[in-house]
Amino acid sequence: MKYIDMHCDTVMLAYFFDPEKHSMYDQPKTMIDFKRMQKGDALAQFFAVFLPPQGAFEMMHMPPISDEDYIRIARQTILDNVAAHDDIIRMAYTAEDIEKNLADGRMSAVLTMEDGRAVDGKLENIKRFYDEGFRACSLTWNAYNCFGAPNSTDPKIMNDGLTDFGKDGIRYMQELGMLVDVSHLSDGGFRDVAEICTKPFVATHSNARAVGPHQRNLTDEQIKTLADKGGVMGLNFYPMFLNPDMNKDEATAAMIARHARHIADVGGVDVVGIGTDFDGFEGKNEIMSSDRMPLLADALKAEGFTEAEIEKIYFRNVLRVMKDAVR
Ligand SMILES: [Zn+2]
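The model shown is predicted, which means the values in this text are computed figures rather than measured ones.

**Q** Please clarify how the overall build of the protein chain should be interpreted in this entry.
**A** A count of helical and extended segments in the protein chain gives 14 helices and 11 strands. Computed over its C-alpha atoms, the radius of gyration of the protein chain comes to 18 Å, within 12% of the 20 Å expected for a compact globule of 327 residues. Judged by the C-alpha coordinates and their principal axes, the protein chain covers about 45 × 45 × 40 Å. Here the protein chain holds 327 residues, and 51% of them are scored as buried. Put simply, 72% of the contacts in the protein chain that link residues at least 6 apart link residues at least 24 apart.

**Q** What is the right way to look at helix α10 (residues 220-228) in this model?
**A** One full turn of an α-helix is made of 3.6 residues, so residues set three or four places apart face in the same direction. Along α10, the residues classified as buried are Gln222, Ile223, Thr225, Leu226 and Ala227. Taken together, the buried residues of α10 touch α9 (187-196), β7 (202-203), β8 (232-235) and α12 (253-267).

**Q** Whenever I open this one, the environment of Glu124 confuses me. Can you help?
**A** Examined against the element boundaries, Glu124 turns out to sit in helix α6 (residues 123-131). Separated by 48 residues in the primary sequence, Glu124 and Tyr172 have C-alpha atoms spaced 9.9 Å apart.

**Q** Explanation requested: the pairing of β8 in the structure shown.
**A** Two faces, one strand: in a regular strand the side chains alternate between the faces of the sheet. Both β7 and β8 contribute to a ladder of 2 bridges, which runs parallel. Considered in β8, the bridge of Ala203 is made with Met233. Crossover handedness for the path β7 to α10 to β8: right-handed. With 3 bridges joining them, β8 and strand β10 (residues 272-274) adopt parallel strand pairing. Looking at the pairing, Gly234 lines up with Gly273 of β10.

**Q** Can you help me understand unusual backbone geometry in this one?
**A** What is expected of a backbone is that most residues other than glycine have negative phi and most peptide bonds are trans. A positive phi angle is found at Asp41, which is not glycine, with a value near 75 degrees. You can see Asp41 is positioned in the loop between α2 (34-40) and β2 (42-50). You can call Asp41 partly exposed: it has 16 C-beta atoms within 10 Å. Residues other than glycine seldom take positive phi values, yet His184 does so here, at roughly 85 degrees. By secondary structure assignment, the location of His184 is in the loop between β6 (179-181) and α9.

**Q** How should I be thinking about the pairing of strand β4 (residues 107-114) in this particular structure?
**A** Along β4, 8 of the 8 residues are buried, which leaves the element largely enclosed by surrounding structure. Residues of β4 alternate between two faces, with Met107, Ala109, Leu111 and Met113 on one and Ser108, Val110, Thr112 and Glu114 on the opposite face, all of them buried. As paired elements, β2 and β4 share 7 bridges and run parallel to each other. Residue pairing across strands places Phe47 opposite Leu111, the latter belonging to β4. Examined bridge by bridge, strand β3 (residues 89-91) and β4 share 3 bridges and lie parallel to one another. Bridge pairing links Arg90 to Ser108 in β4. Pairing of β4 with strand β5 (residues 136-138), which is carried by 2 bridges, proceeds in the parallel orientation. Within the sheet, the bridge partner assigned to Met113 lies in β5 and is Cys137. Handedness of the β-α-β unit built from β4, α6 and β5 comes out right-handed.

**Q** In this structure, what is going on with the packing of helix α8 (residues 164-176) against α9? I would like to understand it.
**A** Any two packed helices are characterised by how steeply their axes cross, that is the angle between the axes, and by the distance between the axes. Closest axis-to-axis distance for the α8/α9 pair is 10 Å, and the angle between their directions is 45 degrees. Considered as vectors, α8 and α9 are oriented oblique to each other. Note on packing geometry: the crossing formed by α8 with α9 is right-handed. Across the interface between the two elements, Lys167, Ile170 and Arg171 from α8 touch Asp192, Val193 and Ile196 from α9. Residues of the contact of α8 with α9, tallied by class, amount to 3 nonpolar, no polar and 3 charged.

**Q** What should I look at first to understand helix α13 (residues 294-302) in this one?
**A** If you check which residues of α13 are buried, you get Leu296, Ala297, Ala299 and Leu300. All buried residues of α13 fall inside an arc of 165 degrees around its axis, so they share one side. Once α13 finishes, Gly304 follows within two positions and takes phi at roughly 100 degrees, a positive value.

**Q** Looking at this structure, how should I read the packing of α6 against α8?
**A** The N-to-C vectors of α6 and α8 enclose an angle of 30 degrees; their axes lie 10 Å apart at closest approach. Classified by the angle between their axes, α6 and α8 sit roughly parallel to one another. The two elements α6 and α8 cross, and the hand of that crossing is right-handed. Taken together, the residues of α8 that come into contact with α6 (itself represented by Leu123, Ile126, Lys127 and Tyr130) are Asp168, Gly169, Tyr172, Met173 and Leu176. Tallied by class, residues from the contact of α6 with α8 come to 6 nonpolar, 1 polar and 2 charged.

Thresholds, definitions, all that
Residues numbered from 1 in each chain as written. Predicted model: local features only at pLDDT ≥ 70, side-chain atom pairs only at ≥ 80, totals over all residues. Helix = DSSP H or I, 4+ residues; strand = E, 2+ residues; numbered from the N terminus. Rg over C-alpha atoms; globule rule 2.2 N^0.38 Å. Buried ≥ 20, exposed ≤ 12 C-beta atoms within 10 Å, placed from the backbone. Contact = placed C-beta atoms within 7 Å. Pairing = 2+ DSSP bridges. Right-handed = clockwise from strand over helix to strand, strands pointing away. Axes fitted to C-alpha atoms, helices over the stretch in contact; angles between N-to-C directions. Parallel < 35°, antiparallel > 145°, perpendicular 65-115°, else oblique. Left-handed = near helix turned anticlockwise from the far one by under 90°. Nonpolar A, V, L, I, M, F, W, Y, C, P; charged D, E, K, R; others polar. Arc of directions from axis to C-beta.

Function-wise, these values are silent; they only describe arrangement.
Here is the structure:
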C-alpha cells in the first residue's frame with residue numbers, strides 16, 4: 001500500500017557521510033534510500049533538514065558550520081539527489097504535486113525543517129524558507145528557541161509556551177501555507193498552537209503518551225485537540241517512544257499498531273498518520289527501513305483496522321491536511 005512518511009533524518013546522515021557525493025538512491029548506510037522507498041511502495045517522503053546541535057559536529061570529527069550554511073548544503077543534497085533520479089522521484093510542494101507525481105509514475109520528496117531556531121525571530125526568514133521550498137517546520141527541537149519551549153521532564157519548562165514571536169510566527173506560517181509541527185514542543189507550546197491555529201496543524205513524529213510514557217509523545221487530551229483541529233500525527237518507530245518501558249530499545253510492528261489503535265480510539269482514525277523518524281532513532285525496530293513498510297499494514301490489520309482505515313493512516317490523512325494547510 002502507498003504510504004507518506006512525515007519525518008526522517010536521512011539528510012543529516014548524508015551530510016555526515018559526505019554531502020557532495022552522497023547518493024540517496026542505493027545507500028546501505030541509511031534506513032531510507034530511493035530504491036528501498038520504491039520497494040516499500042512510498043508515495044511521498046518528507047525529508048527534514050534537522051539542525052544538529054553543535055556537539056554533533058565535534059562528535060563526527062567535523063568542523064562546526066553555521067545554520068545557514070548547513071541548511072543550504074542539506075537542502076541542495078535533497079534537490080540534487082531527486083534531480084538525478086527524475087525517472088522515479090520528484091519534489092512536491094503541495095498535495096496536488098504529490099498526486100501529479102503519482103499520475104506520472106513518480107514518488108515524491110517533500111522538504112521540511114526540524115528546529116525553527118534558524119528562523120532567528122524574524123518573519124522574513126520564515127518567508128525565505130517557504131520560498132526555498134520548506135513546507136513544514138518543527139517549531140523546536142529539544143531546547144528553547146525563538147518560537148518557545150521544548151518538551152522536557154522539568155514541569156516548569158514543559159508548561160512554558162510560545163514566545164510572542166512564536167505566536168506571530170505560526171500565524172504567518174499558516175498564512176503562507178507551511179505546516180506547523182508540534183513534535184518536540186512543550187505541552188504549554190502545544191496549548192498555544194491549538195489556541196492560535198485556524199488551520200490544521202501536525203505532530204510529524206509523535207506517539208501516544210498513554211501507551212509509551214515518554215514526554216515526546218502526546219497526551220490523550222492533546223490527541224483529542226489535534227483531531228478537533230483536523231490535524232494528523234505521525235506514528236514514530238523509535239523504540240524509546242513505543243515501549244511502555246522507556247528503557248527498552250527494541251520494538252515491533254505490533255507495538256506501532258498498538259499506538260495507532262489507542263490514538264484512533266481517543267481521537268478517531270482521521271488523526272493517525274506515519275512519521276517513522278528513520279535515520280533519527282537508536283535501538284532496534286522490526287521495521288528499520290522503507291522497504292519493510294508493508295509490515296505495518298499487516299500489524300494494523302491484526303489490530304482490527306479495515307483496509308479503508310489503513311489507507312487513511314498510510315497516506316490519505318496526510319494528503320487531506322496538506323490540502324487544508326499547505327500551499
Ligand atoms: Zn525529531
